[in-house]
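Chain and residue survey
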Amino acid sequence: MRKGADMSKKKFREFVKSFRIRLFLLFLAVGILPTAALRAGMLQSYKKKAVSNRGVDVLGQAKVLSNQIILNNYLKDPSIETINSQIGQLSNIYDGRVMVIDDNFQIIKDTYGLDTSKTIVSEEVMRSFRGEEISKYDSENGYIEMTVPLADLESKETIGVLLVSVSTDSIVLNQVYLENSARIIEIASAMIVILIAAFLARRLAKPFRKMAGEIFEIQSGYKTQLDIHDYTETEAVCVQFNQLFARMKVIDESREEFVSNVSHELKTPLTSMKVLADSLNGQEDVPVELYREFMSDIGNEIDRETKIINDLLSLVKMDRSAADLNISSVNINELMELILKRLRPIANRQHIELVLESFRPVSAEVDEVKLTLAITNLVENAIKYNKPDGWVHVSLNADHQYFYIKVEDSGIGIPEDALEHIFERFYRVDKSHSREIGGTGLGLAIARNSILMHRGAVKVFSTEGEGTIFNVRIPLIYIAS
Ligand code: ADP
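About the thresholds
- Residues numbered from 1 in each chain as written.
- Predicted model: local features only at pLDDT ≥ 70, side-chain atom pairs only at ≥ 80, totals over all residues.
- Heavy atoms only, no water.
- Salt bridge = Lys/Arg side-chain N within 4 Å of Asp/Glu carboxyl O.
- Helix = DSSP H or I, 4+ residues; strand = E, 2+ residues; numbered from the N terminus.
- Buried < 20%, exposed > 50% of the residue type's maximum accessible area, 1.4 Å probe, protein only.
- Pairing = 2+ DSSP bridges.
- Axes fitted to C-alpha atoms, helices over the stretch in contact; angles between N-to-C directions.
- Contact = heavy atoms within 4.5 Å.
- Near = heavy atom within 4 Å.
- Polar contact = N/O pair within 3.5 Å; in protein donor to acceptor, adjacent residues only side chain to side chain.
- 1 Å grid on protein atoms, 1.4 Å probe; cavity = no way out; pocket = protein on both sides within 12 Å on 5 of 7 lines; lining within 4 Å.
- Sits in = over half its atoms within 2 Å of the grid points.
- Nonpolar A, V, L, I, M, F, W, Y, C, P; charged D, E, K, R; others polar.
- Core = buried A, V, L, I, M, F, W, Y, C linked by side-chain atoms within 4.5 Å.
- Parallel < 35°, antiparallel > 145°, perpendicular 65-115°, else oblique.
- Left-handed = near helix turned anticlockwise from the far one by under 90°.

Here the idea is simple: oppositely charged side chains can pair when their charged atoms come close. Under the criterion given, the structure shown has 15 salt bridges. Of the charged contacts, one joins Arg97 and Asp110 as a salt bridge, the two residues approaching to 2.7 Å between their closest N and O atoms. Residue Arg97 is found in strand β1 (residues 96-102), and its partner Asp110 is found in strand β2 (residues 107-110); the two are separated by 13 residues along the sequence. Summarising the burial analysis for this pair, Arg97 and Asp110 share the class buried. Where Lys370 meets Asp367, a salt bridge forms, and the shortest distance between an N and an O atom there is 3.5 Å. Each member of the pair, Lys370 together with Asp367, is buried. Residues joined in a network through salt bridges with shared partners are Arg97, Asp110, Asp115 and Lys118.

Structure follows, in structure tokens:
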């Protein structure tokens, strides 16, 4: 039950969030609301105008009549036929009631015949006796009432009041008729607006549906490019998407290349071991010395395989996010001494002089294990790719922002065209030489990743046959991004 409710809630949210639906509603609002407002406003102003016209007309007629009343002295003799017929005409034409009131506030003529001889003292009548001409619209009961003073020709004094009230029913009827016509037109136009809005919303939202479709095709491998040129915005999305897709393809290719390199590198020691084992198995009466020799070769290949796997594991760890860094404040001078102490036996074996020069005490926020790995690889390379009786100089310096490690050797150097590749995984200038001296082609990739994780930089300068310099720069304080 709940699940069903959640689903329909989700469907409703999706419906409301749809660009097409929003466009549709917008067009609907723009198309329908103004017509409705126009209709209401026009009908209202029609009514006002019609009532005021009616008022002006009736007042004009009432004034003419009031002149006739005075001229014919009707107040003294309410039986004058011509005036009575004029009064009757006025009340008939406008579907109203006419009353003539004399100076005793007595009704001497009422076209309805209801209040003749009665006294009337309404506020309007009183004000008209003071000379005011009053016209009042009672919208609730639907009539206009006006009182016109009847002034004596000579003394100009008000000697009576003409009271006319006319019904506005015909105006209201007209208004209702107009309203009905307007409503029919409005409904018809609303239907047209709905159709146009639905059509336009569908059309305008089409490029986005097309985009989703094309992305699906790209995912399925039928297409390689997103091309939707309908809007500037869709074009911009396409450009960004295609760039991202191209980058992903490059990443994918490099991943494939990496996997094939890894398989190849891991296979090489295995092939050697297989050859060694097969040749032992293939011979009869193998002398013990040969056994020992081959078994020691197999042992070396196993060590190599282990080293490649270990290096790969380090590299994979480095490839992960910087969140994996285990940052602490480390005395870099001591760390460098320790690294060189560990490597000194290898250097001594090859008669290479290994010197550390610390210009100042340096303490920095680093991941001790990962930085050790990076520096060890650089110094180890400087020893490995050196000449007999050569030297390796390592120096440590710092300013207020960074510390600098320089690893300089008197080795074989790196050819210029190889310099841009040496940090790539499995890249080696001389494959067989590197393998001979136990290289995996991963050392510099590991070093570079570790340095980048510390938000540092590494640069290499080399002259073939003379030597190589690696310059490392790392911030003293780790900046987490
Ligand atoms: P490897 O395990 O082969 O040493 P690295 O990634 O550490 O792999 O180095 C890549 C290649 O760069 C090496 O094979 C070597 O050819 C070259 N290289 C690295 N360091 C030096 C150096 N100090 N002097 C000369 N060549 C070097």
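Picking up after the structure, the text goes on.
The next subject is the sheet that holds strand β12 (residues 467-475). Strands belonging to one sheet form pairs held by backbone hydrogen bonds; the direction of such a pair is parallel or antiparallel. Within the open sheet, the five strands sit side by side as β7-β9-β10-β12-β11. Their pairing is mixed. On the outer flanks of this sheet lie β7 (353-358) and β11 (457-463), each paired with one strand and no other. Between one strand axis and the next, the sheet turns through 10° on average, direction left out of account. Sheet contacts for helix α9 (residues 368-384): β7, β9 (391-398), β10 (402-409) and β12; angle to β10, the most-contacted strand, approximately 25°. Strands β11 and β12 of the sheet are contacted by helix α12 (residues 443-453), whose axis makes an angle of about 25° with β12.

Close to the ligand lie 20 residues; Asn381, Tyr385, Ser434, Thr440 and Leu444 are nearest. Separating an oxygen atom of the ligand from a side-chain N or O atom of Asn381 is a distance of 2.8 Å. Take Tyr385: an N or O atom from its side chain is 2.7 Å from an oxygen atom of the ligand. In a pocket analysis with a 2 Å cut-off to the grid points, the ligand is assigned to the largest pocket. Where the shell around the ligand is concerned, the elements lending two or more residues are α9, α12 and β12. Considering each element in turn, the shell around the ligand owes the most residues, three residues, to α9. For the shell around the ligand, the residue count by class is nine nonpolar, eight polar and three charged.

Before going further, it helps to examine the pairing of β10. Consecutive side chains along a regular strand alternate between the two faces of the sheet. Direction of pairing for β9 relative to β10: antiparallel, over a ladder of seven bridges. By the bridge assignment for β10, Val392 is matched with Asp409. The hairpin turn running from β9 into β10, its antiparallel successor, is three residues long. Bridge count between β10 and β12: eight bridges; the pairing is antiparallel. Paired with Ile405 across the bridge in β12 is Val472.

Counting 41 residues, the largest nonpolar core has Ile332, Phe403 and Phe470 as its most contacted members. Listed in part, the 26 residues of the second largest apolar core include Val58, Ile83, Ile108 and Val164.

What follows is about the packing of helix α7 (residues 288-319) against α12. Running from N to C, α7 and α12 cross one another at 25°; their axes reach a closest spacing of 9 Å. Classified by the angle their axes make, α7 and α12 are roughly parallel. Crossing of α7 over α12 shows left-handed handedness. Between α7, through Asp311, Ser314, Leu315, Met318 and Asp319, and α12, the contact on the second element is made entirely by Ala445, Ile446, Asn449, Ser450 and Met453. Taken together, the residues that form the contact of α7 with α12 break down as five nonpolar, three polar and two charged.

Looking now at unusual backbone geometry. Although it is not a glycine, Phe105 sits at a positive phi angle of roughly 60°. Topologically, Phe105 is positioned in the loop between β1 and β2. Backbone geometry at Arg455 places phi at a positive 60°, although glycine is not the residue there. The residue Arg455 is located in the loop between α12 and β11 in this model.

Let us look at the sheet that holds strand β3 (residues 134-138). Here five strands make up an open sheet; going across it, the order is β2-β1-β5-β4-β3 and the pairing antiparallel. Only two strands of the sheet have a single partner each, and these edge strands are β2 and β3. If you compare each strand with its neighbour and ignore which way they point, the axes differ by 15° on average. Bridging between β1 and strand β5 (residues 158-167) involves seven bridges; their strand directions are antiparallel. Note that in β5 the partner of Arg97 across the bridge is Ser165. Sitting on the sheet, helix α3 (residues 81-93) is in contact with β1, β2 and β5, with an inclination near 140° to β1.

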